[in-house]
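So you can see what is in the structure, the chains are spelled out below.
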Amino acid sequence: MALASRRDLVDVHAAGLSTDGIGYATSQCLWTKGFCVLEGVLQDHDLGAVLFEVAALDEEGRLVQPPTMFVDGLLGSQGSSRMCDLGLPDGSDPHRVGGDRIWHLDYEMTELGMSVVPHLGLVVKSRTGGIVHESGMPEDEGPELSEDVCSKWLNIFTHQQLMLVFCLGPFAGSLELQPFDESCNSTEIQVRPGTLVILRADLLQHRFSAAKQTYCLSCFFQKDVRHSKHRSQNGEEPPPCCQALEGWAYERIREYKEGSPDEQARMCLPRSWELAANHTNFVGIASSWDIPTKILYEVRPSEE
């Protein structure tokens, strides 16, 4: 891997800028280098109170270690040693967890993300739920991957365009960004509590680390999957974090196709995987069906 360059600079000081002004300034950085470091956004939030709600999630047992196979699509093994999916911030998710302060912060991340989209010319229609990440060394190899979890994250990573990462603290950390072409240099960004990084998740790998246990809040903004349902039609390849997931999913589908009817009934594959198993010209697990609506909600560009 190429050596990383270190950056301690802030690209956009958002204090005093309108939402559209923040979006335009951020888009210029995304056009030129694929990421933007912002400070002064979401500054009205009491991060101590947000961290209190994160501690409550931990007490409830909601911060869990993710399966190792997909942590590279999050913030890496040290940046996502444990995580909690908050659920969708549109008020319709009965399984949403967290408190008012972290929900409000999550909602404002939607507004900031969508302020960037019109200036980039992206076709973004939805975003995922917010995810709280805890940094640190994983205790073990993590839980086994399930078919439903694989399907969810395979679809998210395949159709991701933007990722927002907000450092909640209580300590600073670093975010390493690496182009998918590993012959290119990576960049290591120093992030403090209150720093927001917006990056092109469809172009860059992202790994967070910190000397002490620290928390981040993130979400993904997704392309309109109707414009990219079949990889063979648009020539796009999925990001590296999808490769292991696709390999695992292909193996499960192969086992399903070769199994007896009784064995197939016991496997309980996602319905879309069963349909894929019946197509001899199947060209890509992740790109052959829409993302389940239960893990996304529709977003619209800011009208400010």
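Quick notes on the rules
- Residues numbered from 1 in each chain as written.
- Predicted model: local features only at pLDDT ≥ 70, side-chain atom pairs only at ≥ 80, totals over all residues.
- Heavy atoms only, no water.
- pLDDT = per-residue confidence, 0-100.
- Contact = heavy atoms within 4.5 Å.
- Helix = DSSP H or I, 4+ residues; strand = E, 2+ residues; numbered from the N terminus.
- Buried < 20%, exposed > 50% of the residue type's maximum accessible area, 1.4 Å probe, protein only.
- Polar contact = N/O pair within 3.5 Å; in protein donor to acceptor, adjacent residues only side chain to side chain.
- Salt bridge = Lys/Arg side-chain N within 4 Å of Asp/Glu carboxyl O.

Undergrad: Let's hear about the confidence of the model for the protein: which residues, and what values?
TA: It should be kept in mind that the predicted coordinates are not to be read in detail where pLDDT is low. When pLDDT is averaged along the protein, the result is 83; 80% of the residues meet or exceed 70. Low pLDDT, under 50, characterises residues 227–234; the predicted model gives this stretch 18 contacts beyond four residues in sequence or across chains. A low-confidence stretch, residues 280–293 (pLDDT under 50), is modelled with 41 contacts involving residues beyond four sequence positions or located in other chains.

Undergrad: Give a description of the side chain of T214 that names residues and reports values.
TA: Considering the arrangement of structural elements, one finds T214 in the loop between β11 (204–209) and β12 (215–223). The exposure class assigned to T214 is buried, which follows from its relative accessible area of 0%. A polar atom in the side chain of T214 sits 3.0 Å from the backbone oxygen of K212. Not counting chain neighbours up to four residues away, the residues in contact with T214 comprise H133, E134, S135, C167, G169, P170, F171, A172 and F208.

Undergrad: Which residues make up the pattern of salt bridges, and what values do they have?
TA: All told, the structure shown has 12 salt bridges when counted by the stated rule. As a salt-bridge pair, R82 and D58 come within 3.1 Å of each other at their nearest N and O atoms. Taken together, the positions of R82 in strand β4 (residues 82–87) and D58 in helix α2 (residues 47–59) put the pair 24 residues apart, joining distant regions of the chain. Take R82: its relative accessible area is 23%, and that puts it in the partly exposed class. One continuous salt-bridge network, built from bridges that share partners, spans D58, R82 and E134.

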